[in-house]
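# Structural overview
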Amino acid sequence: MTSKLEQKETPQANGAVLPIVPGDCLTSPERGQRVEPADFLGPDGTGVEVVVLESRANAKGVREEDALLENGSQSNESDDTSTDRGPEPASPLKETSFSIGLQVLFPFLLAGFGTVAAGMVLDIVQHWDVFKYVTEVFILVPALLGLKGNLEMTLASRLSTAANIGQMDTPKELWKMITGNMALIQVQATVVGFLASIAAVVFGWIPDGHFSIDHAVLLCASSVATAFIASLVLGMIMIGVIIGSRKMGINPDNVATPIAASLGDLITLALLSGISWGLYKELESKAYVNPLVCAFFISLLPIWIVIAKRNSATREVLYSGWEPVIIAMAISSVGGLILDRTVSDPNFAGMAVFTPVINGVGGNLVAVQASRISTYLHMSGVPGDSPETAPRKCPSPCSTFFSSDVNSRSARVLFLLVVPGHLVFLYTISSMQGGHTTLTLIFIVFYMTAALLQVVILLYIADWMVHWMWGRDLDPDNFSIPYLTALGDLIGTGLLALSFHVLWLIGDRDSDVGD
């Protein structure tokens, strides 16, 4: 009968069963002694097996200490020799509510002020000729602003997880992640920008029954150019933020996605406004400029596809990551249709300045939560691998918001940021005399109700969706955030439009809605 020698669990083991054959020799890592093959022979002279165990995180070739986050350092000096333990999270997040709030607060405020600036820009450009005569541009606004959720926030979440589990520690690994991911988001941005323009044309044509080929080409050129340039700029910023946060000992999950949003809305909306205005001016004298712009950016697609395909880190996403970004774009476009129909009514023109703010805040907070849950799950293994992280068919609100789990704690912290954050942003808008609405008490009550309801729904959906995707062998870093931010755009725009309609119906004349 073959005997077995079980080696004490070590961080360097590989979870493999290694047969010892004659001619092999081992060195004991604990005693520094050389062990000969004869020491591993059973009574009948047959070879024995050495069972070597390792935690899941290290099975992926990751140093355990790289997986620990800020305030979450843990001891690896355990002498536990048990070999039949079930799979557990290798490095549970041990952040306090205070540390989570402290790390999230600054990027959250920065992101909020970015959305305020975007709202002020939208409030100004809505009176430009291109927005007046090609109103379908309004449909592009949530779809293109949603790219920060479809692409940049997904990129930030993906790179944050890679940084936290040690996949960006060497210059070679870092460069590989940068080139592959930058090429990937250029492919996605170009395709999604093109599809968003088609959705805008369709959604604009169905209610009115009017179609203009010149306007359709203008929308395509504006959308593709905006998506490409914005994703290029924001992708580079994201990489710098994640690398810098790791060097400073800050959890990238807490800061990367809000910073992506802080500049994302403003840059994207400014580019969309400027590009569409410039191309609209060229329609009369140089009609060929619009199709040339479309052709130029689409012709670059094969280059980005080849680069992303050659990189193993992005090859899978290149093939399988289209469903979430396309569906998310369609969801955001529905929100854009609501915005188009509401802002086009002079009674609700003041809604334009608040739409990027409420959508941006909700999307930022749920992206942080989804990124944190995804990183937590990645520390326990690979998608669909751990029984403890099986999908919850119907999580209760108590487990989402009131349990002792670290993800429940972060949900409470993020929810508590909604009211003070929005009060600061509303005051900023009022002090800058933005919009067409005076901040009365009843307006603030309706606005805050819409904002709180939006965030509660999003955090609850995130708790279910990330675990559900994990149980379906899908990486939440690539699939969850596009859906969540798109739902944030739709829910936020819908609730805000409803609030404005109710305010108008009950006659809140003091708020000057529509003036």
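Details of the structure are given in the entry above.
Keep in mind the model is a prediction, meaning the values are calculated, not measured.

### Topic: the overall build of the chain
Scanning the chain for helices and strands turns up 18 helices and five strands. Within the chain, buried positions represent 53% of all 515 residues. Residue pairs at least 24 apart in sequence account for 84% of intrachain contacts in the chain once pairs closer than 6 positions are excluded. Total accessible area computed for the chain in this model is approximately 22000 Å², and 64% of it derives from carbon and sulfur atoms.

### Description of the environment of Gly235
The residue Gly235 is located in helix H7 (residues 213–247) in this model. In sequence terms Gly235 and Ala183 are 52 residues apart; their C-alpha atoms lie 9.9 Å from each other.

### Considerations on the pattern of salt bridges
Under the definition given, this model contains one salt bridge. With a closest N to O distance of 4.0 Å, Arg341 and Asp340 form a salt bridge. Looking at Arg341, the relative accessible area reads 40%, which means it is partly exposed. Under the relative-accessibility criterion, Asp340 is labelled buried at 2%.

### Focus on the packing of helix H4 (residues 137–145) against helix H12 (residues 322–343)
Between two packed helices, what matters for the description is the angle formed by their axes and the separation of those axes. Two numbers describe how H4 lies on H12: the axes approach to 7 Å, and their chain directions differ by 140 degrees. Comparing the axis directions of H4 and H12 gives the class oblique. The way H4 lies across H12 gives a crossing that is right-handed. Contacts between H4 and H12 involve Phe138, Ile139, Val141, Pro142 and Ala143 on the former and, on the latter, Met329, Ser332, Ser333, Gly335, Gly336, Leu337, Leu339, Asp340 and Val343. Taken together, the residues of the contact of H4 with H12 break down into nine nonpolar, four polar and one charged.

### So, the environment of Ala111
Among the structural elements, Ala111 can be located in helix H2 (residues 97–125). On the basis of relative accessibility, which here comes to 0%, the residue Ala111 falls in the buried class. Ala111 sits 152 residues away from Leu263 along the chain, and the two C-alpha atoms are 7.0 Å apart.

### Considerations on a positive patch on the surface
Judged by side-chain charge, Lys172, Lys176, Lys309 and Arg315 come together as a positively charged surface patch. In this fold, Arg315 is placed in helix H11 (residues 312–320). A residue is classified by how much of its surface remains accessible, and Arg315, at 32% relative accessible area, is partly exposed.

### Here we look at the environment of Tyr280
Here Tyr280 shows up in helix H8 (residues 252–282). As a C-alpha pair, Tyr280 and Asn290 span ten residues in sequence and 8.8 Å in three-dimensional space.

### With respect to unusual backbone geometry
One non-glycine residue, Asp473, lies in the positive phi region at around 65 degrees. In this fold, Asp473 is placed in the loop between helix H17 (441–471) and helix H18 (476–505).

Criteria and cut-off values
Residues numbered from 1 in each chain as written. Predicted model: local features only at pLDDT ≥ 70, side-chain atom pairs only at ≥ 80, totals over all residues. Heavy atoms only, no water. Helix = DSSP H or I, 4+ residues; strand = E, 2+ residues; numbered from the N terminus. Buried < 20%, exposed > 50% of the residue type's maximum accessible area, 1.4 Å probe, protein only. Contact = heavy atoms within 4.5 Å. Areas by Shrake-Rupley, 256 points an atom, 1.4 Å probe, with all protein chains shown as cover. Salt bridge = Lys/Arg side-chain N within 4 Å of Asp/Glu carboxyl O. Axes fitted to C-alpha atoms, helices over the stretch in contact; angles between N-to-C directions. Parallel < 35°, antiparallel > 145°, perpendicular 65-115°, else oblique. Left-handed = near helix turned anticlockwise from the far one by under 90°. Nonpolar A, V, L, I, M, F, W, Y, C, P; charged D, E, K, R; others polar. Patch = residues over 30% accessible without salt bridge, like charges linked within 9 Å, V, L, I, M, F, W, Y side chains within 5 Å. Lys, Arg positive; Asp, Glu negative; His and termini not counted. Charge placed at Lys NZ, Arg CZ, Asp CG, Glu CD.

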